[in-house]
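# Fold and contact review
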Amino acid sequence: WFARELCPLLGYKAWRNFVPAIQRAQESCEHAGGDANYHFADARKKIKLGKGAVREVDDYKLTRYACYLIRFHVSCHNSLSIFLVIVSRGFKLVK
């Protein structure tokens, strides 16, 4: 999964508000002895803007473990059921 796809599912309307949760999850990953560069792989994504314009934006390719960590660092409390559905799908690092 990409972090930008997960962002609205966890109750965030703006990417800039979701980034701190990702950063806290990356720190938790490192403290637990994990490789944050693997679980939170940097990615660039093209998004369409008005009038046909395209812009590249920052994103992350996430493992299931990364999504698990992010869930515990989000500020929205109503996202647990959505998170459980996502994890049950068994997604892995997007290549």
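To keep things clear, this report deals only with the structure shown in the data block.

When a protein is soluble and globular, its nonpolar side chains tend to lie buried together. Counting 22 residues, the largest nonpolar core has Phe-18, Ile-22, Phe-40, Leu-62 and Ile-70 as its most contacted members. Of all elements in the fold, only helix H1 (3–9), helix H2 (15–31), strand S2 (54–62) and helix H4 (64–71) reach the threshold of two or more residues within this core. Counting residues per element, this core draws most heavily on H2, which supplies seven residues.

With that settled, the discussion passes to the pairing of S2. Direction of pairing for strand S1 (residues 40–48) relative to S2: antiparallel, over a ladder of nine bridges. When the bridges of S2 are listed, Ala-43 appears paired with Asp-59.

In this section: H2. Between its first and last C-alpha atoms H2 spans 25 Å; for 17 residues at 1.5 Å apiece the expected length is 24 Å, and the two agree. Taken together, the buried positions of H2 are Trp-15, Phe-18, Val-19, Ala-21, Ile-22, Ala-25, Gln-26 and Cys-29. Those residues of H2 that are buried are in contact with H1, helix H3 (36–39), S1, S2 and H4. In the segment just after H2, Gly-33 is the residue with positive phi, at about 90 degrees.

Cut-offs and rules
- Residues numbered from 1 in each chain as written.
- Predicted model: local features only at pLDDT ≥ 70, side-chain atom pairs only at ≥ 80, totals over all residues.
- Heavy atoms only, no water.
- Core = buried A, V, L, I, M, F, W, Y, C linked by side-chain atoms within 4.5 Å.
- Buried < 20%, exposed > 50% of the residue type's maximum accessible area, 1.4 Å probe, protein only.
- Helix = DSSP H or I, 4+ residues; strand = E, 2+ residues; numbered from the N terminus.
- Pairing = 2+ DSSP bridges.
- Expected span 1.5 Å × (residues − 1).
- Contact = heavy atoms within 4.5 Å.

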